[in-house]
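# Commentary on secondary and tertiary structure
Now for the letters of each chain:
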Amino acid sequence: MTEDARARADVALAAARAGGAVAESRFRTGIDVETKDGKTDVVTQADRDAQDAVVDVIRERFDADAVVGEEHDELKRVPEAGPAWVIDPIDGTNNYVSGMRSWATSVAAVVDGEPVAAATIAPALDDAYVVGPEGARRNDDEVAVAAEADPERLAAAPTIWWDFDRRAEYAAACRAAVERFGDVRRFGCAQLALANVAEGAIGGTFTNVQANPWDTIAGVKLVREAGGRVTDLDGDRWRHDSRGLVASNGAVHDAVLEAAREADAARDADTHP
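Read on for an overview of the structure. Source: prediction; values computed, not measured.

## Topic: the packing of aromatic side chains
In this structure the tally under the stated criterion is six aromatic pairs. Summarising the aromatic geometry, the rings of Phe27 and Trp103 are spaced 5.5 Å apart at their centres and angled 55 degrees between planes, so their arrangement reads as tilted. Here the residue Phe27 occupies a position in the loop between helix H1 (3-26) and strand S1 (34-35), and Trp103 occupies one in the loop between helix H3 (93-98) and strand S5 (104-111), the gap between them amounting to 76 residues. An identical accessibility class is assigned to Phe27 and Trp103; each is buried. Centre to centre, the rings of Tyr96 and Trp103 are 5.0 Å apart; their planes meet at 90 degrees, and the pair counts as edge-to-face. The two residues Tyr96 and Trp103 agree in class, both being buried. The aromatic ring of Phe62 is capped on one face by Arg8, whose charged end is 4.2 Å from the ring centroid. Stacked on the ring of Phe164, the Lys or Arg Arg167 has its end atom at 4.2 Å from the ring centre.

## A few points about the sheet that holds strand S8 (residues 135-138)
Strands sit in the order S3-S4-S5-S6-S7-S8-S9 across an open sheet of seven strands; the sheet is mixed. Edge positions in the open sheet fall to strand S3 (66-69) and strand S9 (141-142), since each of these has one partner strand only. Pairing geometry for S3 and strand S4 (residues 83-91), over four bridges, is parallel. Across the sheet, residue Val67 finds its bridge partner in S4, namely Trp85. Running at roughly 30 degrees to strand S6 (residues 114-122), H1 makes contact with S4, S5, S6 and strand S7 (127-132) of the sheet.

## As for the environment of Val78
With respect to the secondary-structure elements, Val78 resides in the loop between S3 and S4. What makes Val78 buried here is its relative accessible area of 7%. Taking the C-alpha atoms as reference points, Val78 and Val57, separated by 21 residues in sequence, lie 19 Å from one another. If sequence neighbours within four positions are ignored, Val78 has contacts with Val68, Val86, Val110, Gly113, Pro213, Ile217 and His240.

Rules used in this analysis
Residues numbered from 1 in each chain as written. Predicted model: local features only at pLDDT ≥ 70, side-chain atom pairs only at ≥ 80, totals over all residues. Heavy atoms only, no water. Phe/Tyr/Trp six-rings, centres within 6.5 Å; stacked < 30°, edge-to-face > 60°. Helix = DSSP H or I, 4+ residues; strand = E, 2+ residues; numbered from the N terminus. Buried < 20%, exposed > 50% of the residue type's maximum accessible area, 1.4 Å probe, protein only. Lys NZ or Arg CZ within 6 Å of the ring centre and 35° of its normal. Pairing = 2+ DSSP bridges. Contact = heavy atoms within 4.5 Å. Axes fitted to C-alpha atoms, helices over the stretch in contact; angles between N-to-C directions.

Next up, the structure:
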């Protein structure tokens, strides 16, 4: 890892910790909840304040870099050239406002569209997932994807979100996972789903939806550094602008990819009856 990448890894961790601390201070305090584009698309002032804390840390060291973020007027797409930061102040806001502990603050540093360092902090779980000079780690421990090659011995997690007009795809994704894997999980937080792949807790996570970069890039970097594989629906290497996301331990990737494609077939059936 170059010195620049090391510096970005340090800042990613510091920024994620700062944002996570702001979010944790408001957790389970009865804060007001607003909706954005739908009944389940919620936001709180904690999201906005946590993002401000993240950006403040980044600006102290990398003031000229672009910032891509979910809240405020930050960029919504990752620049193809140059350095940028991709941040999600609270991934899993529905969990957060419900008092559930499965939410996280994520920060990824990218250069020319590719992640070079990342941190996902889950304060309510007391876990910090970091990709830096020491590789992929949870707290002080190195993590690695599961070695198991039999999908029936592993769980899989449909992730991201299918809106109310796309529930046939959601149902197909769950059915496809149930038919191929030993069990199914749904975290309600894409970054934690990816972290669970990276640490070997589940075999894979998938969606046929085009995911937002702030929901995915940090976790994708973590999975890859932990020895896993992340592709799009065609089986090609995943990028921040890919449609669909299929992450696995590598050994069961074909089964995870088949599940994602089955969900997408339901989309095609609705589009072309």
